[in-house]
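Fold and contact review
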Amino acid sequence: MSRYPNRWKYVNALRLVVLTLAFVPLVFLPYSTIYQHFLAAHAYDMLNASDQRLYDVMNFLTGNFITDAKQFDVVKGTTWSATFWGFKLSDPLAVLSQTAAHTHLHGPLLLSVLLPVLATVILGRFFCGWLCPANLLYELADWIAERLRRAGVPLGDRRFDRRLKYGVLAVGVIASAWGGTVAMSAIYPPAIVGREAYYLIATAGAGAGTAFFAVTLLFDLLVARRGFCRVLCPGGALYSLLGRYRLLRVQRKVDLCNDCKKCDQTCMFDLNPMADGFGQECNNCGACIAVCPTGSLVFEWARKDGPPQGPGHLGSVYKKNKGTPHA
Amino acid sequence: MLRRRFLQALAAAGAAGAPYGFARLLAPAAQGADTPFITHLRPPGAITNDAAFTEACTGCALCGEVCPVGAIKFYGREGGSKVNTPYINPRDRACTLCEECMKICPTDALTHVPREKVTMGYAQIDRSACYPWVDKGVCGACATICPLGEKAIGFAFANVYRPVIRDGCVGCGLCVQICPHPSLPIRVVDRSLGRQANPEV
């Protein structure tokens, strides 16, 4: 047992589990759609061998709960727009983009976005870290890239201005209004991943979105580490703006901090938790909290970030200066 | 000499071509051959103005997921600004007017209307190709499959197998899917044509 136990040691593992659980339906639902067609048509005897295998697997998974094909209709959709037992949820970016394109406020669509917006106002940009299906793939790619870097492969790690994504958001909204089409769905990775998974599995094949997503993965790998989420994502920009005055924040307890900088290293958004640099970009993912060896980073209910608190009280800079807070 | 040979050849060609020309003049015109039939219908309940529909559709693909027959497909890059918006090709798999897509659409791109009020298009029958219309064949597949029944499609008075489109047709395209004729004499055309789609001959 450490002298300074970290009670939130497993928060990052928990987040990855939640991310994976949010990703599973995107793969499962398209298969259930195919199975639903087979089931409704009582078509087992007419299927070819591979379709019969799909039918058998799905029947094994759902046969005990679902007998009527209609029952599959209760949960449909992706993180872009989904329905649960008639209750509809949409991505705020979908609503913003659609409203710009249509220049008309549609009541039911606004209702469907109420809960996500409310959750973002309270919990901040949590969607990116805890639910976004593209983020899971980006983190996987980053995990591989990290191993490649350690093996000596020279991969790019350029830094760009993070405010660029607000420009992407503005340009996307203007393009939607000007072009009269929901342009955001073509450049927003979670929408692309959900849609393309459906296209790949349940319809003829992948669309242009797959190529675009591959390009963003290469951008992350070769140009800037986690570059798309940090610098370009229009949805991240919108969530950042909505979560600017969030109530739940990661905060640093200066008397427990030992200035080890692990939090700065691990932050997927290149923020500086060790220097109290959170701001509106923080997505409350908890990776810094989990990695902290002394438990000095905690979730707190607070309207604003605290001021910079200087070197941590367990660190060498603080001790050398005989306890004066600012070196 | 050369000129005479040339004029002779011209006259011969004209004489040889004349029967074909007369035959073309006298032959019954393929009805609706100049009206383009639609292979990319919007799903039922879609906003009639296609630009407005593209604006309203977020490309979430929910309509395709709930479609019980898998009729709804999505434009790829070839669609330009229509990319990721839904379409139905009745020659491939047609809409059954089950209303599920209209119920699930999160925007007003697909508005829920009863199946009789849907305005996808208008069916048109080419009487120069349809089996019963051409040679008293026995078919009636289109009238049997129609989800709206007597209101949308019926039979001509003189022959119980010759189909005629009635005013209740909404253009779902099920008849196009079921038609056994290889050249598909029944097709869905633009809704704005109205009764012009099937002038009584």
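Thresholds, definitions, all that
Residues numbered from 1 in each chain as written. Chains lettered and ligands numbered in written order. Predicted model: local features only at pLDDT ≥ 70, side-chain atom pairs only at ≥ 80, totals over all residues. Heavy atoms only, no water. Helix = DSSP H or I, 4+ residues; strand = E, 2+ residues; numbered from the N terminus. Buried < 20%, exposed > 50% of the residue type's maximum accessible area, 1.4 Å probe, protein only. Pairing = 2+ DSSP bridges. Axes fitted to C-alpha atoms, helices over the stretch in contact; angles between N-to-C directions. Contact = heavy atoms within 4.5 Å. Salt bridge = Lys/Arg side-chain N within 4 Å of Asp/Glu carboxyl O. Polar contact = N/O pair within 3.5 Å; in protein donor to acceptor, adjacent residues only side chain to side chain. Nonpolar A, V, L, I, M, F, W, Y, C, P; charged D, E, K, R; others polar. Domains from an automatic or database assignment. Buried area = accessible area lost by both parts, 1.4 Å probe.

Let us look at unusual backbone geometry. Phi at K261 of chain A is positive, roughly 70°, even though this residue is not glycine. With respect to the helices and strands, the residue K261 of chain A is situated in the loop between β4 (248-252) and α13 (262-266). With relative accessibility at 39%, the residue K261 of chain A sits in the partly exposed group. Phi angles above zero are rare outside glycine, and N84 of chain B is one such case at about 70°. Mapped onto the elements of the fold, N84 of chain B is located in the loop between β1 (72-74) and β2 (86-88).

Moving on to the sheet that holds strand β1 (residues 75-77) of chain A. All names here are of chain A. Within the open sheet, the three strands sit side by side as β1-β2-β3. Their pairing is antiparallel. Strands at the two margins of the open sheet, each flanked by one partner only, are β1 and β3 (87-90). Here the strands of the sheet are splayed against their neighbours by 15° on average, with no regard to which way each runs. Of the pairings in the sheet, the one linking β1 to strand β2 (residues 81-84) comprises three bridges and is antiparallel in character. In the strand pairing of β2, G77 is matched with A82.

To continue, consider the pairing of strand β6 (residues 186-189) of chain B. Residue and element names in this part refer to chain B. Of the two faces of β6, the one lined by I186 and V188 and the one lined by R187 and V189 are each fully buried. Where strand β3 (residues 122-125) and β6 come together, four bridges link them in antiparallel fashion. From the neighbouring strand, Y122 faces β6, where its bridge partner is V189.

With that out of the way, let us pick up the interface of chain A and chain B. At the interface, 31 residues of chain A touch 30 residues of chain B. Summed over the shared surface of chain A and chain B, the number is one salt bridge. The salt bridge partner of K70 of chain A is E100 of chain B, with a shortest N-O separation of 2.7 Å. Linking chain A with chain B are 17 residue pairs in polar contact (both at pLDDT 80 or more), by the criterion used here. Taken together, the elements giving at least two residues each to the side of chain A that touches chain B come down to α1 (11-41), β1, β2, β3, α3 (92-102), α4 (107-123) and α9 (189-202) of chain A. Among the residues forming the side of chain A that touches chain B, the class breakdown is 11 nonpolar, 15 polar and five charged.

Turning to the domain arrangement of chain A, a few remarks are in order. All names here are of chain A. Taken as a whole, chain A is organised into domain 1 (1-20 + 91-245) and domain 2 (247-320). Contacts between the two partners involve 31 residues from domain 1, matched on the other side by 28 residues from domain 2. Both sides of the domain 1 and domain 2 interface together cover about 2500 Å² of buried area, and 50% of this is carbon and sulfur. Of all residues in domain 1, Y4, R125 and R162 bury the most surface against domain 2, accounting for 23% of the area lost on that side. Between the two partners, domain 1 and domain 2, sit three salt bridges. A salt bridge links K165 to E281; the shortest N-O distance between them is 2.6 Å. For the pair domain 1 and domain 2, the number of links is 17 residue pairs in polar contact (both at pLDDT 80 or more). In terms of residue count, the dominant contributor to the side of domain 1 that touches domain 2 is helix α5 (residues 126-130) (four residues). Along the lines of polarity and charge, the residues of the side of domain 1 that touches domain 2 split into 14 nonpolar, six polar and 11 charged.

This brings us to the domain arrangement of chain B. Residues and elements named next belong to chain B. Once the domains are mapped, chain B shows domain 1 (50-115) and domain 2 (117-197). If you average the C-alpha positions of domain 1 and of domain 2, the two centres end up 23 Å apart. The interface is formed by 13 residues belonging to domain 1 together with 12 residues belonging to domain 2. Across the domain 1/domain 2 interface, buried area totals approximately 1100 Å², and carbon plus sulfur atoms make up 70% of it. Linking domain 1 with domain 2 are zero salt bridges. Where domain 1 touches domain 2, the interface holds five residue pairs in polar contact (both at pLDDT 80 or more). Taken together, the residues that form the side of domain 1 that touches domain 2 break down as eight nonpolar, one polar and four charged.

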